[in-house]
Amino acid sequence: MATGSGAAAAAADAEEKESGSRMITLTSNEGKAFVVTEASARQSATIRSMVDDGGCVDKGFPLPNVDSKTLARVIQYCDEHGNKEAHTVDERAALAKFDKDFIAELDADKAFLYDVTMAANYLHIQGLFALTTQCIADTIKGKTPEEIRTAFGIEYDLTAQDEEEIKEEDTHA
Amino acid sequence: MQSNSIQSYDQGRFNTLPDDILLSILERVDMRTVLRTSVLSTRWKHLPLLLSDVDLDVDEFIHQNSSMSAHEAMAVLIKLMSSLFGSPQNESIIKKLNLSFYLLTDLETSLKFLFNIGELVCNAIDSGKVKSVELTITTEKRRFKLTDLMSGASNIWIEYEGKELRTALNKITKLLLHGIYVKFNLLWTLVLLESAPSVKIFGVKVWNHACDEGTENRKQLSERRNDLWDAAQLDGSIHYLQLERLEFGGFNQIIREHLDFIRAVIERAPNLKSVILEDRDPCEDCEAMDNPIYPSISMFPQNNDEKSTIVKQLKAGMNRPVEIIFC
């Protein structure tokens, strides 16, 4: 824990303890400010290390790689995981239910799912990144290459030589 | 029309994900799926070669394609390994390679596979392509086969193949042998350990099911013995210098040979730190039978008295601080 360097800092520290947690401002690339609890912001390893390094908590954190829509959704996840307890079986079940609904909604809007995945990666939110990458992985599992290409709009651009190699692999695998 | 273009725009975004995210996704699917993605497009073709954590399990191939024989699965595994390690333009590094495969009844083929695998792994480690290897030789599904192989051909293994075997196993750091039939002498596993001088973690798991009594497998098993082995036959000059941890699954305190085996390892492993003893895996069918091979009561040390007796027996006459852990 960083210790305050003056009376004002000490007072601020005391105030934080009183209110339970300080508030942190995150700003999207469109300049929109989101105020979140520190517990919520600490879900992001990127922000956590900046806060712990005594960084610019007061000025807030600009996030030039994340748009407002994505940030709002990411914060929804962080609030749930950062602000709520997960000690009892019921609490953990509630959190698991939240995750399930959260990812089901994202899965229905693939482009948004990719945005959230990118943001989770950039902000190092481990739980959210695991959730979204697992969701994409589940989409790939058990599909033929052609089905995967259709599902993700991948253009087939392999050369004739590549195709020969693949044919050879296919006879073995 | 409009919705179509939005759709393809949305889908196309998938391709804008950076490699490291796509690799995180690939690390969450099995190797067969990974291979399927490698034929998607030029970009995807090279992604499997960039994986840093590779898990190759023969069981998985068979599980997904039940018509595949163990022999075919082994051939696929080897082909996969050579394409993963062999690509000259690819400079990525595999930090962790998990390799799990069978030994087959057909001795000649099995040795051929083992040497192929050993050679591929050695070359990959020598070239810096692979940093760490975990090896599991499993006989769980066809559980009598490893002992089959060993009891039928102990001489071949030692006299003719010893040197080659050593090359094959040279760089292995973790060696697990699971599914060893309880009535077989365990000392032969030490021949494998002798041939694998880099092993830090060595594990054996003894199989003692009684629920298939009277079946064809069991008949074949009881006809085979491997009495050829005793501790005196082992090369006394060989020491397992790297060995730090011995894991013994299916430990039975009334089987003298289990104690002898563990002692033999402790004596030859001057840097051994811990011995982990585990009870057998529970099996309801066996428990219902109350057979001497699988008595309904576990023969694993239960109380502190029994445990300290075992510890004393294992460490008698030894002054090295080896920790004996009961799980």
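Our subject is the structure listed above.
Model, not experiment: these values are computed from the prediction.

Student: How should I be thinking about the overall build of chain A in this particular structure?
Tutor: Each helix and strand in chain A was counted, giving 9 helices and 3 strands. Counted from the first residue to the last, chain A has its helices and strands arranged as α-β-β-α-α-β-α-α-α-α-α-α. With 173 residues in all, chain A has 36% of them scored as buried. A fraction of 57% describes how many contacts in chain A between residues 6 or more apart in sequence connect residues 24 or more apart. Here chain A displays about 9800 Å² of accessible surface, and carbon together with sulfur accounts for 53% of that area.

Student: Mind showing me how you'd approach the packing of aromatic side chains here?
Tutor: Two aromatic rings are characterised by how far apart their centres lie and by the angle between their planes. Summed over the entire model, instances satisfying the criterion amount to 6 aromatic pairs over all chains. On the basis of an interplanar angle of 90° and a centroid distance of 6.3 Å, the ring pair of F251 of chain B and F300 of chain B is categorised as edge-to-face. Residue F251 of chain B is located in the loop between β6 (245–249) and α13 (256–268), and its partner F300 of chain B is located in the loop between α14 (284–289) and α15 (304–315); the two are separated by 49 residues in the primary sequence. Taking the centre distance of 6.2 Å and the plane angle of 75° together, the rings of F300 of chain B and F326 of chain B count as edge-to-face. Taken together, the positions of F300 of chain B in the loop between α14 and α15 and F326 of chain B in strand β8 (residues 323–326) put the pair 26 residues apart, joining distant regions of the chain. In this structure F326 of chain B comes out as buried when scored by relative accessible area, which is 19%. Directly above the aromatic system of F112 of chain A lies the positively charged group of K69 of chain A, at a separation of 4.1 Å from the ring centroid. The lysine or arginine in question, R73 of chain A, covers the ring of F102 of chain A, its NZ or CZ lying 6.0 Å from the ring centre.

Student: Explanation requested: α13 of chain B in the structure shown.
Tutor: For an α-helix, the turn length of 3.6 residues means that residues three or four places apart are oriented alike. Residue and element names in this part refer to chain B. An ideal rise of 1.5 Å per residue puts 18 Å on 13 residues; α13 measures up with 19 Å between its terminal C-alpha atoms. Here α13 has its buried residues at E257, H258, L259, F261, I262, A264, V265, I266 and R268. Those residues of α13 that are buried lie in contact with α11 (189–194), β5 (201–207), β6, β7 (274–278), α15 and β8.

Student: Sorry, what's going on with the pairing of β7 of chain B here?
Tutor: One face of the sheet, then the other: side chains in a regular strand alternate in exactly this way. All names here are of chain B. Counted residue by residue, β7 has 4 buried out of 5 residues, so it is predominantly covered. In this structure, β6 lies alongside β7, joined through 5 bridges in parallel fashion. Residue pairing in the sheet places E247 in a bridge with I276 of β7. Where the polypeptide runs from β6 across α13 and back to β7, its parallel neighbour, the crossover connection is right-handed. Sheet topology places β7 next to β8; 4 bridges connect them, and they run parallel. Opposite V275, over in β8, you have I324 as the bridge partner.

Student: Mind showing me how you'd approach the interface of chain B and chain A here?
Tutor: In many reports, interface size means the accessible area that the parts give up when they come together. In this complex, chain B contributes 28 residues to the contact, which on the side of chain A involves 36 residues. Carbon and sulfur atoms make up 65% of the surface buried where chain B meets chain A, a total of about 2900 Å² over both sides. Between chain B and chain A we count 0 salt bridges in total. Here chain B is connected to chain A by 6 residue pairs in polar contact (both at pLDDT 80 or more). When contributions to the side of chain B that touches chain A are tallied by element, the ones reaching two or more residues are α1 (2–12), α2 (19–26), α3 (31–37), α4 (42–45) and α6 (70–86) of chain B.

Student: Got a minute to help me understand unusual backbone geometry in this structure?
Tutor: For residues besides glycine, phi is generally negative; the peptide bonds are generally trans as well. Of note in this structure, H124 of chain A is not a glycine but carries a positive phi near 50°. Assignment of secondary structure puts H124 of chain A in the loop between α6 (110–122) and α7 (126–140).

Student: Just checking my understanding: could you explain the sheet that holds strand β3 (residues 61–62) of chain A for this structure?
Tutor: The strands making up a sheet associate through backbone hydrogen bonding, with each pair oriented either parallel or antiparallel. Residue and element names in this part refer to chain A. Strand order in the open sheet made by the 3 strands is β2-β1-β3, with mixed pairing throughout. This sheet does not close on itself; its edge strands, each paired only once, are β2 (33–37) and β3. As paired strands, strand β1 (residues 23–27) and β3 are joined by 2 bridges and run parallel to one another. Its bridge partner being in β3, L26 is matched across the sheet by F61. Those strands touched by helix α4 (residues 68–83) are β1 and β2, and its axis lies near 5° from that of β2.

Student: Looking at this structure, how should I read the pattern of salt bridges?
Tutor: Side chains that carry opposite charge are capable of pairing whenever their charged atoms lie near each other. Residue and element names in this part refer to chain A. According to the stated counting rule, one finds 15 salt bridges over all chains in the structure shown. Put simply, E38 and R42 hold a salt bridge, and the shortest N to O gap is 3.0 Å. D107 serves as the salt-bridge partner of K110, at 2.8 Å between the closest nitrogen and oxygen. Take K110: its relative accessible area is 22%, and that puts it in the partly exposed class.

Student: Hey, could you run me through helix α5 (residues 89–107) of chain A in this one?
Tutor: Residues and elements named next belong to chain A. For α5, with 19 residues, the first-to-last C-alpha span of 27 Å sits near the 27 Å given by 1.5 Å per residue. Three or more residues of α5 are buried, namely L95, F98, D99, F102, I103 and L106. Along α5, the residues classed as buried sweep out an arc of 120° about the axis, all on the same side. Among the exposed residues of α5, those pointing more than 90 degrees away from its buried face are V89, D90, K97 and K100. Buried-residue contacts for α5 involve α4, α6 and α7.

Student: Hey, could you run me through the nonpolar core in this one?
Tutor: Looking at soluble globular proteins, one finds that nonpolar side chains tend to be buried together. All names here are of chain B. Grouped together as the largest cluster of nonpolar side chains are 119 residues, with contacts concentrated most on L56, F202, F261, I262 and L277. By residue number, the principal contributor to this core is α6, which donates 10 residues. If near-sequence neighbours (up to four positions away) are discounted, L56 is found in contact with M31, L77, L80, M81, L84, L97, N98, L99 and S100.

Student: Help me understand the environment of E247 of chain B, please; the structure alone is not making it clear to me.
Tutor: All names here are of chain B. Within the secondary structure, E247 sits in strand β6. With residues near it in sequence (within four places) discarded, E247 still touches L176, I201, F202, G203, V204 and I276. A distance of 2.8 Å separates polar atoms of two side chains, one belonging to E247 and the other to R245.

Student: Looking at this structure, how should I read the side chain of S41 of chain B?
Tutor: Note that S41 of chain B resides in the loop between α3 and α4. Given the relative accessible area of 4%, S41 of chain B is considered buried. Setting aside its immediate chain neighbours within four residues, S41 of chain B contacts I154, E155, D157 and L158 of chain A.

Student: Please explain the side chain of S28 of chain A as it appears in this structure.
Tutor: As for its placement among the helices and strands, S28 of chain A is situated in the loop between β1 and β2. Setting aside residues up to four positions removed in sequence, S28 of chain A forms contacts with F34, L63, V66, D67, S68 and L71 of chain A.

Rules of the game
Residues numbered from 1 in each chain as written. Chains lettered and ligands numbered in written order. Predicted model: local features only at pLDDT ≥ 70, side-chain atom pairs only at ≥ 80, totals over all residues. Heavy atoms only, no water. Helix = DSSP H or I, 4+ residues; strand = E, 2+ residues; numbered from the N terminus. Buried < 20%, exposed > 50% of the residue type's maximum accessible area, 1.4 Å probe, protein only. Contact = heavy atoms within 4.5 Å. Areas by Shrake-Rupley, 256 points an atom, 1.4 Å probe, with all protein chains shown as cover. Phe/Tyr/Trp six-rings, centres within 6.5 Å; stacked < 30°, edge-to-face > 60°. Lys NZ or Arg CZ within 6 Å of the ring centre and 35° of its normal. Expected span 1.5 Å × (residues − 1). Pairing = 2+ DSSP bridges. Right-handed = clockwise from strand over helix to strand, strands pointing away. Buried area = accessible area lost by both parts, 1.4 Å probe. Salt bridge = Lys/Arg side-chain N within 4 Å of Asp/Glu carboxyl O. Polar contact = N/O pair within 3.5 Å; in protein donor to acceptor, adjacent residues only side chain to side chain. Axes fitted to C-alpha atoms, helices over the stretch in contact; angles between N-to-C directions. Arc of directions from axis to C-beta. Core = buried A, V, L, I, M, F, W, Y, C linked by side-chain atoms within 4.5 Å.

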